[in-house]
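Examining the three-dimensional arrangement
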Amino acid sequence: MKFMHNLVIIYILLLWGALSAQANEEINLWLNKLDQSLDQKEKYDALKMERIKSLEILLRSSKRLETRLETYRQLYEECKSVKYDSAVVYANQWLKIAQQINDANAIAQAKCAVAFCQISAGIMMEAYQQLNGIHPTSLKRETLLQYYEVMAKFWRENADFVHENPYYDNYIARSNKYMDSLLLILPPNSAKWYAIQGSLAMRKRQYKEAISFFKSASKFPNRNKHDQAQDDAEVAWAYHYLGNKEQELIYLIRSAINDNETATREITALYLIALRIDKDGNHDRASRYLTLALNEVQSYNSRQRKMEISAIIPIIEQGRYNAMRQQRNWFIMLGVLIFIMAIGLSIEFLLIRKKNKGLNSAMKTIEKHTKELRQANIQLHNTNEQLCETNKIKDTYIGKSFFITCEFIAKLEHIFRTIDRNMVTKQYDVVRKCVNQDALSQERGNMYEAFDASFLSLFPNFVEKYNELFDSSMRQVPKPNTLTSEMRIFALIRLGITDSERIAKFLDYSVHTVNTYKTRIKNRSLIDNNLFEQKIMEIS
């Protein structure tokens, strides 16, 4: 008896496994169909845009209000599930012309169109104001159908948004009221009649009856694919509440395929598929579907759908993250195994490296000391050049200073003798001539000439190199073997006299004058002011 019991359990498990495998195979088949449909998405979108473009051309060439009214209606129908912004523009233009014609039914239809766009974008208050301005008692049957459908959608969307009682049940009851009104004016046993019956059964939680109604609606030939997409989505939810996950996913896929082939962007099926398959571990495909759905919803510009997808994105991304983390853990384990296998070789490598480490360290020390010695030699060479230059300047100016001093003493001796002799003879005019300003200025000029000659003997290329620091129009050409007043300031700086006060005393200028000369010359040069004196010091 126990053996038979175990045998039955094994048979049930095998049967369950076979059925699961068959269900998974069917789901994969439908997912592949969805992928094939999505691969042709650009073709379906192009067909939709071509129809819209032809209607826009017709609109531009139409003058009659009745023709423009019908064209705007068709443009709205083409755009209402593609792009909210365009659809609401066409709906408003439709309403404007309907008001010009003063056709009550056309006005009601256009208001329903505007309200539909606003409901799809989550703008409920404005949608209610549009619908509240319609008086259904005087409407034709076709207009009344549209009005009841939009009213039913309005209250259903409000219920889905609030999703809390007592508001939810109240809104659903109001929506059902308009659904019942639809049934009263629809032809019995028509595709639309079955679809409405299915929606009402869904709201009454009669899911099996709802599935039957929707399948009856789908049997009608030439069924509108957009309506079929909505019916398939309802059937998917019915299977969801019945706990049949496989059929739920299949009908969501059917709905997404119809949405794609009708270029519908105000969709929910694709991102619900992403959520379902993500739970089954199909993270990459789920992420791809979610990205497509998000792009569609952003293109349509529906705030409600954006909010719904925004809530799903973290869930799917978390699934992808978990899958990647699991893969990472496997790679870590594999890396650990490889690391253990490589330990032996690593130890041997470290032993060899240890032997070479001392040699490498010694080589680095030698290179370091060699580099330091090279730098020291360069510095020493530079210092020697500076000392040679300094000695040259010193020797030149010491000799010159002796000669100038001797000349100066001889002149003083002559002046003293002349003054003494003329004071004795009381020739005061002659004495005054000996000490007048012209004589002193001539002596200072002689001193500058001597300085210029000595400096240019040390730096014969100074004038040429100095002029290279200026534009050709700003260059100065002094007399041979002399310097200009401006050049003389920087000649003193080249000799190492950088204090403006000392330069001023030597040249018989004020400190302010020296600084003004320096600033003006630097501003005229081609060199940055901060680098000008450095360039002067580089003249040899």
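Residues numbered from 1 in each chain as written. Predicted model: local features only at pLDDT ≥ 70, side-chain atom pairs only at ≥ 80, totals over all residues. Heavy atoms only, no water.

Side note on the overall build of the protein
Selection criterion: We count a stretch as a helix when DSSP gives it H or I for four or more residues in a row; a strand needs E for two or more, and each element gets its number in order from the N terminus. Partly exposed describes any residue whose relative accessible area lies between the buried limit of under 20% and the exposed limit of over 50%, with all areas from a 1.4 Å probe on protein chains only and scaled to the type maximum. Whether two residues are in contact is decided by their heavy atoms: any pair within 4.5 Å suffices. Using the Shrake-Rupley algorithm and a 1.4 Å probe, accessible areas are obtained, with residue cover drawn only from the displayed protein chains.
Looking only at helices and strands, the protein features 22 helices and 0 strands. Within the protein, the proportion of its 540 residues that are buried is 37%. Residue pairs in contact within the protein that sit at least 24 positions apart in sequence constitute 61% of those at least 6 positions apart. Taken as a whole, the protein presents about 33,500 Å² of accessible surface, with 57% of it coming from carbon and sulfur.

Some details on the nonpolar core
Stated precisely, the cut-off is as follows: We define a nonpolar core as any set of buried Ala, Val, Leu, Ile, Met, Phe, Trp, Tyr and Cys residues linked to one another through side-chain atoms lying within 4.5 Å.
Counting residues in hydrophobic clusters, the biggest one holds 34 residues, and the most contacted among them are Leu31, Leu34, Ile253, Leu270, Ile273, Ile277 and Tyr289. Secondary-structure elements contributing two or more residues to this core are α1 (2-39), α9 (191-203), α10 (207-218), α11 (225-242), α12 (245-261), α13 (269-279) and α14 (283-300). If you look at the next biggest cluster of nonpolar residues, it comprises 32 residues, including Ile119, Ala159, Ile172 and Leu200.

What to know about the packing of aromatic side chains
Formally: Centres within 6.5 Å make a pair out of two Phe, Tyr or Trp rings, where for Trp the six-membered ring is used; the pair is then stacked when the planes are under 30 degrees apart, edge-to-face when over 60, and tilted otherwise. Any Lys NZ or Arg CZ found within 6 Å of a ring centre and within 35 degrees of that ring's normal is scored as a charge over the ring.
Per the counting criterion, the structure on display carries 26 aromatic pairs. Feature note: the residues Tyr448, Phe451, Phe455, Phe459, Phe462, Tyr466, Phe470, Phe490, Phe506 and Phe532 constitute an aromatic cluster, connected by ring pairs. The ring of Trp155 is capped by Arg174, whose NZ or CZ atom sits 4.4 Å from the centre of that ring. Its end group placed over the ring of Trp237, Arg276 keeps NZ or CZ at 5.7 Å from the ring centre.

Thoughts on a nonpolar patch on the surface
The line we're drawing: Note that patches include only residues with greater than 30% relative accessible area and no salt bridge, and the join distances are 9 Å for like charges and 5 Å for nonpolar side chains (Val, Leu, Ile, Met, Phe, Trp, Tyr). We count a salt bridge whenever a side-chain nitrogen from Lys or Arg sits within 4 Å of a carboxyl oxygen from Asp or Glu.
On the surface, a cluster of nonpolar side chains totalling about 950 Å² of accessible area is made up of Ile332, Leu334, Val336, Leu337, Ile338, Phe339, Ile340, Ile343, Ile347 and Leu351. The residue Leu334 is located in helix α15 (residues 303-424) in this model. Judged by its relative accessible area of 46%, Leu334 falls in the partly exposed class.

A closer look at the packing of helix α8 (residues 167-185) against α9
Selection criterion: Geometry is summarised by axes, namely lines fitted to C-alpha atoms with helices restricted to the contacting stretch, and by angles between N-to-C directions that run from 0 to 180 degrees. Any angle from 65 to 115 degrees is called roughly perpendicular, while one under 35 is roughly parallel, one over 145 is roughly antiparallel, and all others are oblique. Here is the rule for handedness: rotate from the far helix to the near one, and if that takes an anticlockwise turn smaller than a right angle the crossing is left-handed, while a clockwise turn gives right-handed. Residues are grouped as follows: Ala, Val, Leu, Ile, Met, Phe, Trp, Tyr, Cys and Pro are nonpolar; Asp, Glu, Lys and Arg are charged; every other residue, Gly included, is polar.
In contact at an axis separation of 10 Å, α8 and α9 are set at 155° when each is read in the N-to-C sense. With respect to α9, the element α8 is oriented roughly antiparallel. For the crossing formed where α8 meets α9, the hand is left-handed. Across the interface between the two elements, Ile172, Ser175, Asn176, Met179, Asp180, Leu182 and Leu183 from α8 touch Trp193, Ile196, Gln197, Ser199, Leu200 and Arg203 from α9. When its residues are assigned to classes, the contact of α8 with α9 shows 7 nonpolar, 4 polar and 2 charged.

As for the packing of helix α5 (residues 104-120) against helix α6 (residues 124-132)
Following both chains from N to C, one finds α5 and α6 inclined at 165°, their axes separated by 8 Å at the closest point. Comparing their axes, α6 and α5 come out roughly antiparallel. Taken as a pair, α5 and α6 cross one another with a handedness that is left-handed. Residues Lys111, Cys112, Val114, Ala115, Gln118 and Ile119 of α5 touch α6, and the partners they reach there are Met124, Glu126, Ala127, Gln130 and Leu131. Residue composition of the contact of α5 with α6, grouped by class: 7 nonpolar, 2 polar and 2 charged.

What to know about the side chain of Ser525
Counted only if it meets this: A 3.5 Å cut-off defines polar contacts: any pair of N or O atoms within that distance qualifies, except that in protein one atom must be a possible hydrogen donor and the other a possible acceptor, and neighbouring residues in sequence count only when both atoms are side-chain atoms.
Mapping Ser525 onto the fold places it in the loop between α21 (511-524) and α22 (529-537). What makes Ser525 buried here is its relative accessible area of 11%. A polar atom in the side chain of Ser525 sits 2.8 Å from the backbone oxygen of Lys522. For Ser525, the residues in contact, after removing those within four places along its chain, are Leu469, Phe470 and Phe532.

Here we look at the environment of Ala46
Summarising the element assignment, Ala46 is placed in helix α2 (residues 41-61). The exposure class assigned to Ala46 is partly exposed, which follows from its relative accessible area of 43%. Through-space distance from the C-alpha of Ala46 to that of Ala263 is 8.9 Å; in sequence the pair is 217 residues apart.

Structural notes on the pattern of salt bridges
Summed over the entire model, instances satisfying the criterion amount to 21 salt bridges. A salt bridge links Arg223 to Asp231; its shortest N-O distance comes to 2.1 Å. By the burial criterion, Arg223 is buried, and Asp231 matches it. Counted as one network, the salt bridges with shared partners bring together Asp35, Arg285 and Arg288.

Quick look at a positive patch on the surface
For clarity, the cut-off: Counting rule for charge: Lys and Arg are taken as positive, Asp and Glu as negative, and neither His nor the chain ends is counted. Note that the charge is assigned to NZ on lysines, CZ on arginines, CG on aspartates and CD on glutamates.
Judged by side-chain charge, Arg353, Lys354, Lys357 and Lys364 come together as a positively charged surface patch. Within the secondary structure layout, Lys364 lies in helix α15.

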